[in-house]
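Below are the chains, spelled out letter by letter.
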Amino acid sequence: MEGNKMLTIKDLHAKVGDKEILKGINLNVKEGEIHAIMGPNGSGKSTLSSVLAGRDTFEVTEGEVIMDGKNLLELTPEERSWAGVFLGFQYPIEIPGVSNVNFMKSAVNEHRKQKGLEPLTSAQFLKLMREKMAIVGMDSSFSSRGVNVGFSGGEKKRNEIFQMAMLEPRLAILDETDSGLDVDALRIVATGVNNLKRPDNAFIVITHYQRLLDYIVPDVVHILYKGRIIKTAGKELALEVEQRGYDWLING
Amino acid sequence: MGELNYIYAPESPLTEQFRCRVPMKGTRQLFVVNGGVQGTRTPLSISLEKGQVMEEVLQVISVRTEGSPLEIAYKNNLHFGEGSQARIVLCSHTFTLDKFVTDEEVDITLDDRAVVDVVVMQNEHNEATHNTRFNITAGAGSVLKISFLTLHGGNIDNKVRVDINGEGANVDLSGLYLVDGKQMVSNSVEMNHNVPNCISSQLYKGVLDNDAVAKFSGIIYVKQDAQKIEAYQANHNLLLSERAKIHTEPQLEIYADDVKCSHGATIGRLDENELFYLRSRGVPMKEAKILQQMAFAYSVLEKISNAELRERMENLVEKRLRGEFSNCKDCSKNCC
Ligand SMILES: Nc1ncnc2c1ncn2[C@@H]1O[C@H](COP(=O)(O)OP(=O)(O)OP(=O)(O)O)[C@@H](O)[C@H]1O
Ligand SMILES: [Mg+2]
């Protein structure tokens, strides 16, 4: 069954300073799909995800990004979040002094406000938070800690998935959420993602490893190289990359 | 607090116009009107006897009112006898937009092993000038903690001189100043380590917006025979506008050789990466900036030991950062 159109990226170019990093990206994501993006270090995978989330260090010079009929590039980062975009960061930053609970309360209630819903009461919020933390196997003691402060690499990644679970995005872009995770954490995170998958949302999973894709099975795999998608195929492409590397694609 | 010869006067007309939601549970209020304690008209003078423990928090609310001389000067005295214990909140407000100038001196003396906790909260109008000199002496084994919360005011100047005169004393000073518009705030600290084996620390933080100007100058002075002391000083500033100015001058003067001292100052802006992270989760820019500023202020606010007071102060600081003080000329009457 074909899902509805969700995200359309057309000929997207972006630069930082004078350096062009994205050199014409085309990508279509439909409801219910999981896309994987792979590619050598420095190809522009994180840049693409940052541009989609609205980071202004990158300047879009050409092309368009349409999500649910809206021009995403005209929206602020928070408006994109309200529109359902979620970026799981490759390197989640630490924010000392802002507790996880205050951060998420502010985020969740702002999302509700945008939908015309009343804010959650403290009790409702804490219940929701506990439920979602359980999904990713996070201890409740993390809620009062500063955002990512002193979290181990793996804990930071779990926190990203926890935030995703709280916000239930329409389109989640997970930038190397698997890196730094031990095998058990990887399974927990992947199970979390699979639990959150619905017919009306979609995932773009950026990874270097086939391992993650054993758990989160993609419908499509793209190879990004030097700012362009040089190959798109089914899930078997990830396996092939794992075995043969990128040379045959780059030089082929 | 019968022992202190002061009474709380709830029938006072002040309480009609003044909506201080403190007293909190376990707090007793005392009004000082234009420099004189209400009912006595003399400056505040408190003396705790040896071993006396004040169970209640004493909140001293100093107000400047309409019709009083614009310039006044007075001296307060807080004396804490050997082994005594007290918690004190000193609030200052101006009730009208007059150009008040208040010159205040506060002597704080801790005899040996006294334990004293002070929160100074300053919330005055933009036309007000308030200079305070705190002369502090700390005896052996005494513990003093003071937090200065300068929330609002035209020109506020806090000078603190501490003489640590007895071994084993511990003095903790902290300050949070929030300045915007054309406001000016100045904090200076002179920390004199006169004897060995003591600890002092200073943490001052400021958030500056618009054309505000703030100054911090602090000196840690360690006498030659004040060995094995620890003294720390830090001043951190967050500039929200291009025009706001901060002058900061941390200094050390050390004549002893076996000491642990550090000092430092930073001037920064809101972190763009943090801001993006918060916004990417749907927190609007304005809210995200408030979260960041509250996070910045947190390390000073968390020094307030009384949890209820701390929560009140956090709320006030947040309101202040949201700009809720500037719309209302009666702001300082509805402060807590
Ligand atoms: N702010 C920046 N300033 C300058 N160059 C940048 C900046 N951000 C990214 N780049 C460059 O853009 C290129 C693409 O980087 P990007 O992080 O998107 O790669 P990636 O595909 O995510 O790599 P990895 O697999 O290592 O995560 C790299 O050459 C990087 O150095
Ligand atoms: Mg990357």
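One can find the structure itself at the top, above this paragraph.
Quantities reported herein were computed from a predicted structural model and do not represent experimental measurements.

Asker: Explanation requested: the overall build of chain A in the structure shown.
Answerer: Along the backbone of chain A there are nine helices and twelve strands. Expressed along its principal axes, the backbone C-alpha trace of chain A runs to roughly 55 × 40 × 40 Å. In chain A, which comprises 252 residues, the share counted as buried stands at 53%. Within chain A, counting contacts between residues at least 6 apart in sequence, those at least 24 apart form 70% of the total.

Asker: What's the story with unusual backbone geometry in this structure? I'm lost.
Answerer: Excluding glycine, a negative phi dihedral is what most residues carry, and trans is how most peptide bonds are arranged. All names here are of chain A. Even without glycine at this site, D68 takes up a positive phi of about 45°. When you line up the elements, D68 lands in the loop between strand 4 (59-67) and strand 5 (70-71). The residue N148 is not glycine, and still its phi comes out positive at about 65°. Here N148 is to be found in the loop between strand 8 (146-147) and helix 5 (153-167).

Asker: Whenever I open this one, the pairing of strand 11 (residues 220-225) of chain A confuses me. Can you help?
Answerer: A regular strand places its side chains so that they alternate between the two faces of the sheet. Residues and elements named next belong to chain A. Within strand 11, five of the six residues are buried, which leaves the element mostly enclosed by the surrounding structure. Sheet topology note: the strand 11/strand 12 (residues 228-233) ladder contains five bridges and is antiparallel. Residue pairing across strands places H222 opposite T232, the latter belonging to strand 12. What sits between the antiparallel neighbours strand 11 and strand 12 is a turn of two residues, in which K226 has the positive phi angle 45°.

Asker: What's the story with the coordination of the magnesium ion (ligand 2) in this structure? I'm lost.
Answerer: Metal coordination angles have textbook ideals: 109.5 degrees for a tetrahedral set of four donors and 90 or 180 degrees for an octahedral set of six. Protein coordination at the magnesium ion (ligand 2): the donors are S46 of chain A (OG) and Q90 of chain A (OE1), at 2.0 to 2.1 Å from the metal. With S46 of chain A in helix 1 (residues 45-53) and Q90 of chain A in the loop between strand 6 (85-88) and strand 7 (95-99), this pair connects stretches of sequence that are 44 residues apart.

Asker: Any chance you could explain the pattern of salt bridges here in plain terms?
Answerer: For side chains bearing opposite charge, pairing can occur when the charged atoms are close. Under the definition given, this model contains 29 salt bridges over all chains. The salt bridge partner of R187 of chain A is D184 of chain A, with a shortest N-O separation of 3.2 Å. Separated by three residues within a single helix, R187 of chain A and D184 of chain A lie in helix 6 (residues 183-196), roughly one turn from each other. Using a relative accessible area of 41% as the deciding quantity, one classes R187 of chain A as partly exposed. Between E308 of chain B and R312 of chain B there is a salt bridge; the shortest N-O distance is 4.0 Å. With E308 of chain B and R312 of chain B both in helix 4 (residues 307-321) and four residues apart, this pair spans about one turn of that helix. We classify E308 of chain B as partly exposed; its relative accessible area is 36%. Members of the salt-bridge network, linked through shared partners, are K75, E105, D107 and R133 of chain B.

Asker: How should I be thinking about the interface of chain A and chain B in this particular structure?
Answerer: Contact with chain A, which involves 32 residues of that partner, is made by 14 residues of chain B. Between chain A and chain B we count two salt bridges in total. The salt bridge partner of R281 of chain B is E160 of chain A, with a shortest N-O separation of 2.7 Å. Across the chain A-chain B interface, the total number found is 13 residue pairs in polar contact (both at pLDDT 80 or more). Those elements that provide at least two residues to the side of chain A that touches chain B are helix 1, helix 2 (77-82), strand 6, strand 7, helix 3 (100-114) and helix 5 of chain A.

Asker: How should the side chain of Q52 of chain B be read in this particular structure?
Answerer: Topologically, Q52 of chain B is positioned in the loop between strand 3 (45-48) and strand 4 (57-64). In terms of polar contacts, Q52 of chain B uses its side chain to reach the backbone amide nitrogen of E49 of chain B, at 2.9 Å.

Asker: Even after reading the chapter, I still don't get the site of ligand 1, so can you show me in this structure?
Answerer: Residues and elements named next belong to chain A. Near ligand 1 lie 14 residues; those nearest to it are G42, K45, S46, T47 and H208. Within the backbone of G44, an N or O atom sits 3.0 Å from an oxygen atom of ligand 1. Sort the elements by how many residues they give to the shell around ligand 1 and helix 1 lands first, with three residues. Looking at the shell around ligand 1 residue by residue, the class counts come to three nonpolar, eight polar and three charged.

Asker: How do you make sense of the packing of aromatic side chains when you look at a structure like this?
Answerer: Aromatic ring pairs: the centre-centre distance and the angle between the two ring planes describe each pair. Per the stated rule, a full pass over the model turns up eight aromatic pairs over all chains. Centroid distance F148 of chain B to Y204 of chain B: 6.4 Å. Interplanar angle 20°. Geometry classified as stacked. Highlighted residues: F148 of chain B in strand 10 (residues 143-152) and Y204 of chain B in strand 14 (residues 199-208), separated in sequence by 56 residues. Y204 of chain B shares its class with F148 of chain B; the two are buried. By the ring-pair criterion, three or more aromatic residues cluster together here, those being F89 and F103 of chain A together with F276 and Y277 of chain B.

Asker: How do you make sense of the side chain of D172 of chain B when you look at a structure like this?
Answerer: Residues and elements named next belong to chain B. Counting through the fold element by element, D172 comes out in strand 12 (residues 170-179). Taking relative accessible area as the criterion, D172 reaches 14% and is therefore assigned buried. Of the polar contacts made by the side chain of D172, one reaches the side chain of K303; its length is 3.1 Å. Among all residues touching D172, those that are not within four sequence positions of it are L144, K145, I146, S201 and K303.

Asker: How do you make sense of the packing of helix 5 of chain A against helix 6 of chain A when you look at a structure like this?
Answerer: In helix packing, the relevant descriptors are the interaxial angle and the interaxial distance, both defined with respect to the helix axes. All names here are of chain A. Look at helix 5 against helix 6: their axes get within 10 Å of each other, and the N-to-C directions meet at 15°. By the angle between their axes, helix 5 is roughly parallel relative to helix 6. The element helix 5 and its partner helix 6 pack so that their crossing is left-handed. Across the interface between the two elements, R158, I161, M164 and A165 from helix 5 touch A185, I188, V189, V193 and L196 from helix 6. Here the contact of helix 5 with helix 6 is built from residues that sort into eight nonpolar, no polar and one charged.

Asker: Would you mind going over the sheet that holds strand 2 (residues 36-37) of chain B with me for this structure?
Answerer: Within a sheet, each strand pairs with its neighbour through backbone hydrogen bonds, oriented either parallel or antiparallel. Residue and element names in this part refer to chain B. In space, the ten strands of this open sheet follow the order 2-1-4-6-8-10-12-14-16-18, with mixed pairing throughout. Looking at strand neighbours, the two that pair on one side only are strand 2 and strand 18 (260-268), the edges of this open sheet. Strand contacts of helix 3 (residues 285-301): strand 10, strand 12, strand 14 and strand 16 (230-239), with the helix running at about 155° to strand 14, the strand carrying the most contacts.

What counts and how
- Residues numbered from 1 in each chain as written.
- Chains lettered and ligands numbered in written order.
- Predicted model: local features only at pLDDT ≥ 70, side-chain atom pairs only at ≥ 80, totals over all residues.
- Heavy atoms only, no water.
- Helix = DSSP H or I, 4+ residues; strand = E, 2+ residues; numbered from the N terminus.
- Buried < 20%, exposed > 50% of the residue type's maximum accessible area, 1.4 Å probe, protein only.
- Contact = heavy atoms within 4.5 Å.
- Pairing = 2+ DSSP bridges.
- Donors = N, O, S within 2.8 Å, 3.2 Å for Na, K, Ca; no water.
- Salt bridge = Lys/Arg side-chain N within 4 Å of Asp/Glu carboxyl O.
- Polar contact = N/O pair within 3.5 Å; in protein donor to acceptor, adjacent residues only side chain to side chain.
- Near = heavy atom within 4 Å.
- Nonpolar A, V, L, I, M, F, W, Y, C, P; charged D, E, K, R; others polar.
- Phe/Tyr/Trp six-rings, centres within 6.5 Å; stacked < 30°, edge-to-face > 60°.
- Axes fitted to C-alpha atoms, helices over the stretch in contact; angles between N-to-C directions.
- Parallel < 35°, antiparallel > 145°, perpendicular 65-115°, else oblique.
- Left-handed = near helix turned anticlockwise from the far one by under 90°.

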